[in-house]
Amino acid sequence: MRRRGVLLLCLPWTLAALAGCGATRALFGPSMAAPGWKSLTLRAADDANSNSAVAVDVVLVKDQAVLDALLAMPAAKWFATRAELQRTFPEALTVYPYELVPGQTIKLNDKKWSDQKAWAALVFAGYANAGEHRARLLLNASVYVVQLNAQGFVANEPKAGAAQ
């Protein structure tokens, strides 16, 4: 019994030491981080969403259980339940909503999210046709372009020196 008490007293010190050497990530998995994006560009093609406006939500997810649920959720369900999810989990989500018309480009800079920390970032696009219309953005990327096309979208990190 005495040995167990000593171990419990030593546990916080051991965890603190592990945190300093980076082993915590190996033991406990990744931690929350601020998005490293210097810019995030939302670009709608001339025929985006079959020539209709498209709603786009960039979502920073701050709760692992909520993230797991969102990773399995198609965009249509996200948009149908977004308000309820935000009410139910107010601290778990930061949502940046946009609506683009065909041919429109919106370039966002890092001031918008620089003070946020999250487990992950997701993009949902509200297309008229069926599909997942969801993508995960890596938090450690420096630049992202979300290209909204006629029937779906792609989110990617442009290669250095590539024309945009």
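Residues numbered from 1 in each chain as written. Predicted model: local features only at pLDDT ≥ 70, side-chain atom pairs only at ≥ 80, totals over all residues. Heavy atoms only, no water.

Enquirer: What am I meant to see in the pattern of salt bridges here?
Expert: Where charged atoms from two side chains of opposite charge come close, those side chains can pair. This structure, assessed with the given rule, holds 3 salt bridges. For Arg82, the salt bridge is made with Asp57, and the minimal N-O distance between the two is 2.5 Å. Of the two residues, Arg82 is situated in helix H5 (residues 75-88) and Asp57 in strand S2 (residues 54-61); the sequence distance between them amounts to 25 residues. Arg134 serves as the salt-bridge partner of Glu132, at 2.7 Å between the closest nitrogen and oxygen. (Salt bridge = Lys/Arg side-chain N within 4 Å of Asp/Glu carboxyl O. Helix = DSSP H or I, 4+ residues; strand = E, 2+ residues; numbered from the N terminus.)

Enquirer: Which parts of the structure should I look at to understand H5?
Expert: Think of an α-helix as 3.6 residues a turn; residues three or four steps apart then line up on the same face. Taking 1.5 Å per residue, 14 residues should reach 20 Å; H5 reaches 18 Å between its end C-alpha atoms and fits that length. By the burial criterion, the buried members of H5 are Ala75, Trp78 and Leu85. (Expected span 1.5 Å × (residues − 1). Buried < 20%, exposed > 50% of the residue type's maximum accessible area, 1.4 Å probe, protein only.)

Enquirer: Explain the side chain of Thr41 here, please?
Expert: Relative to the elements of secondary structure, Thr41 occurs in strand S1 (residues 39-44). Accessibility expressed as a relative area gives 6% for Thr41, which makes it buried. Non-local contacts of Thr41, meaning those with residues more than four positions away in its chain, are made with Thr105, Ile106, Lys107, Tyr144, Val145 and Val146. (Contact = heavy atoms within 4.5 Å.)

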